[in-house]
Amino acid sequence: MDPEPNEHSTGGVSVPPRQPPSKQMGPDVQVVSAGGDSGTMSQDTEVDMKEVELNEIEPEKQPMNAAAGAAAGEKNGLVKIKVAEDEAEAGAKFTGLSKEELLKVAGSPGWVRTRWALLLLFWLGWLGMLAGAVVIIVRAPRCRELPVQRWWHKGALYRVGDLQAFVGPNEGGLAGLKKHLDYLSTLKVKGLVLGPIHKNEKDEINGTDLRQIDSTLGSQEDFKDLLQSAKKKSIHIILDLTPNYRGQNAWFLPAQADIVAARVKEALTSWLQDGVDGFQVRDVGKLMDASLYLAEWQNITKNFSEDRLLIAGTDSSDLKQIVSILDSTSDLLLTSSYLSNSSFTGEHTELLVTRYLNATGSHWCSWSVSQAGLLTASVPAQLLRLYQLLLFTLPGTPVFSYGDEIGLQAAVLPGQPVKAPFMPWDESSLSLTPGLVSANMTVKGQSEDPGSLLTQFRWLSDRRGKERSLLHGDFHALASSSGLFSYIRHWDQNERYLVVLNFKDVGLSARLGASNLPAGISLPASANLLLSTNSTRLGQEEGTSLNLENLSLNPHEGLLLHFPYVA
């Protein structure tokens, strides 16, 4: 009897021994049912359950091994594959409502009422927010319209009348001035008033050419190079065209006025085309029919560009004459000796300032103590810091001469005319300027000293250019103690600035009064300190709160304080 073939129990299904791959890939597969029926099925035929013996596959390649907890009676390597049952379960999953079902639900009364309620709530909320925004806009304080601001409104002007005295005797005129543009940038000045530097033979009209640079100071190319370098540093060049600046009469003889005026017109047009930003003419009080000529020259500059400036200068301190010159044309700056006509008391200084502002009305002002001279020539030395603070905080453009930032004084020699002093840049310049005995009087020395006059000048110049209240804010003088001059500068909703100046050589209590302030402006109980011109208060940090009801000032001290806008 032949031995019976090995059979593995598979729960009623007999599976023949595994054949080589070439034999297993036949077209049909034999399947024996539990009842003993057999039949041939294609590879694509669906089955309910299929068991495959995997015992003969290498253990590491078997997809399943007998694990702990495996069902009893199942042999290792047996895998069951479900087909029809899984498909039935997948078919039973929820796939969402059809379009017809969705439309039916959406049209139900409950959903219709819900949609209308949500839509109503949305529009009510939107209208509520709109109404709230309108109320906020209506009730909010309106911002004041800003005035038109040109470059000369935004900072100080710096005069260099004697070019060789400013740069030094061996520094090359215009070429030497170019080297000092960086220094002018540290002063935060907006314009450089230069000259006169044109060709001029003393009292000789035929030897004067307003369009030609004096050869001892440089060439036309040197001047154009200076213009380009200055523009890169945002410094505007104002050229002084006072014709006969070396002669007795700045405008030659009265009979030559028309000839001189015609030459000035030609020079204005020529220099404007070369890029000059403005012009200055001095001693206009000596010019016949000055108002007519100034109006004509102003038209030339403004027709070329609204961003061009004309400055007139006079030695007069008479307010009526000053106003008459200003009325000749709009947007004219005028430097004069008006403030030098002072007794240097708080009361008189307040009177001069308020009268000037009232007389000039809406005309933009400029502030200086002369048309060309140094601050020290008119102001006592102990009041220099006070006057710097005053000129930088009054409404208008402050105008300084070179050396005002360090307290430079002109040398006065018996029997000789006053000459422009050399600018003391460092210790090597001390021998050029009689009267200077200390390195602390030089630009270099004061630049290194945080308490110097130069440091104060730079700080004030920078601050004025940043604050709207100081740039173009309103001015209101305050009642105060005898010997003091105090005022407020304010603009719209910006910070307010309070200036208190003590012109006396003794300490004073301020006792400020605000009864004449306009509606909406009031003095607070305290204000924060920004600057003191007195060295004894330098120990107090910026921002220290000072009680205005008990404010005391040292001799010759000026205070700059600020306080916030309160609606």
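Everything in this summary refers to the structure shown in the same document. (Residues numbered from 1 in each chain as written. Predicted model: local features only at pLDDT ≥ 70, side-chain atom pairs only at ≥ 80, totals over all residues. Heavy atoms only, no water.)

## Describing the sheet that holds strand E20 (residues 545–547)
Argument step 1. Within the open sheet, the six strands sit side by side as E15-E16-E17-E22-E19-E20. Their pairing is antiparallel. Looking at the sheet topology across the chains shown, the edges are occupied by strand E15 (474–478) and E20. Across the sheet, the mean angle from the axis of one strand to that of its neighbour is 35 degrees, orientation sign disregarded.
Argument step 2. As judged from the six bridges shared by strand E16 (residues 484–490) and strand E17 (residues 496–502), these two strands associate in the antiparallel manner. Across the sheet, Phe 485 pairs through a bridge with Leu 501, a residue of E17.
Argument step 3. Sheet strands touched by helix H13 (residues 384–393): E16, E17, strand E19 (526–532) and strand E22 (558–563). Its angle to E17, the strand with the most contacts, is close to 150 degrees. (Pairing = 2+ DSSP bridges. Helix = DSSP H or I, 4+ residues; strand = E, 2+ residues; numbered from the N terminus. Axes fitted to C-alpha atoms, helices over the stretch in contact; angles between N-to-C directions. Contact = heavy atoms within 4.5 Å.)

## Details of the pattern of salt bridges
Argument step 1. Applying the stated criterion across every chain yields a total of ten salt bridges.
Argument step 2. As a salt-bridge pair, Arg 246 and Asp 214 come within 2.7 Å of each other at their nearest N and O atoms. Placement of the pair is Arg 246 in the loop between strand E9 (236–240) and helix H9 (257–274) and Asp 214 in the loop between strand E8 (204–213) and helix H8 (220–232), with a sequence separation of 32 residues.
Argument step 3. Overall, Asp 214 belongs to the buried group, its relative accessible area being 10%.
Argument step 4. Across the salt bridge formed by Arg 282 and Asp 240, the nearest N and O atoms sit 3.6 Å from each other. Of this pair, Arg 282 sits in the loop between strand E10 (278–281) and helix H10 (290–304) while Asp 240 is found in strand E9, placing the two residues 42 residues apart along the sequence. An identical accessibility class is assigned to Arg 282 and Asp 240; each is buried. (Salt bridge = Lys/Arg side-chain N within 4 Å of Asp/Glu carboxyl O. Buried < 20%, exposed > 50% of the residue type's maximum accessible area, 1.4 Å probe, protein only.)

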